[in-house]
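Descriptive structure summary
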Amino acid sequence: METRFTYITAGPDKDTGEDGGEERGVATKIRTKTKKPSMWRVLLMNDDYTPMEFVVSILMGIFNKTSEEATQIMLNVHQSGVGTCGVYTFEVAETKVAQVMDSAKRAQHPLQCTLEKA
């Protein structure tokens with residue numbers, strides 16, 4: 001966030017019509033507003049090989065979902081082919097995608113995870 005100070009000087013003294021050699025003015029502080037970060041949706045893709053229990057454990061472990069939430073998301077992924085795990089800032093979403101892909105690779109599952117702008 002950037003902060004700037006501007007000093008505004010006044011013109012000649014209105015009563016005497018002279019400047020009087022001294023500066024008068026008002027110091028103003030201008031604040032710039034910070035822009036909200038863009039948000040990204042983390043998506044899981046369905047496949048025919050990754051066990052449903054593994055998907056639920058990923059959703060609970062990486063995305064902090066409850067057992068019920070994780071099961072609902074997993075069923076959505078299974079039935080519609082894709083499901084939303086959460087919406088995050090880019091850095092957080094990117095990290096979560098990397099964690100999912102790393103966990104799937106270590107467990108030798110073909111689970112795919114990606115992100116898209118929300």
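Calculation notes
- Residues numbered from 1 in each chain as written.
- Predicted model: local features only at pLDDT ≥ 70, side-chain atom pairs only at ≥ 80, totals over all residues.
- Heavy atoms only, no water.
- Axes fitted to C-alpha atoms, helices over the stretch in contact; angles between N-to-C directions.
- Helix = DSSP H or I, 4+ residues; strand = E, 2+ residues; numbered from the N terminus.
- Parallel < 35°, antiparallel > 145°, perpendicular 65-115°, else oblique.
- Left-handed = near helix turned anticlockwise from the far one by under 90°.
- Contact = heavy atoms within 4.5 Å.
- Nonpolar A, V, L, I, M, F, W, Y, C, P; charged D, E, K, R; others polar.
- Buried < 20%, exposed > 50% of the residue type's maximum accessible area, 1.4 Å probe, protein only.
- Salt bridge = Lys/Arg side-chain N within 4 Å of Asp/Glu carboxyl O.
- Core = buried A, V, L, I, M, F, W, Y, C linked by side-chain atoms within 4.5 Å.

What follows is about the packing of helix H1 (residues 52–61) against helix H2 (residues 67–80). It is at 9 Å that the axes of H1 and H2 come closest, and there the two elements cross at 130°. Between H1 and H2, the angle is such that the two are oblique. The two elements H1 and H2 meet at a crossing, and its hand is right-handed. Contact residues: Met52, Val55, Val56, Leu59 and Met60 in H1; Ser67, Ala70, Thr71, Ile73, Met74 and His78 in H2. Taken together, the residues of the contact of H1 with H2 sort by class into eight nonpolar, three polar and no charged.

Our focus in this paragraph is unusual backbone geometry. Of note in this structure, asparagine 64 is not a glycine but carries a positive phi near 55°. Here asparagine 64 lies in the loop between H1 and H2. Here asparagine 64 falls in the exposed class, since its relative accessible area comes to 63%. Unlike most non-glycine residues, glutamine 108 shows phi in positive territory, near 60°. Considering the arrangement of structural elements, one finds glutamine 108 in the loop between helix H3 (90–106) and strand E5 (112–117).

Using the criterion set out here, one finds two salt bridges in the structure. Note that aspartate 102 and arginine 106 form a salt bridge whose closest N and O atoms lie 3.1 Å from each other. Taken together, the positions of aspartate 102 and arginine 106, both in helix H3 and four residues apart, correspond to about one turn of that helix.

We now examine the nonpolar core. One broad rule of soluble globular proteins: the nonpolar side chains tend to lie buried together. Ranked by internal contacts, the top residues of the largest apolar core, which has 22 residues, are Val42, Leu44, Leu59, Phe63, Val100 and Leu111. Mapped onto this core, the elements with two or more residues apiece are strand E3 (39–45), H1, H2, strand E4 (82–89) and H3. A per-element tally of this core places H1 first, with five residues. Contact partners of phenylalanine 63, with chain neighbours within four places excluded, come to Val42, Ile58, Cys85, Tyr88, Lys96 and Val100.

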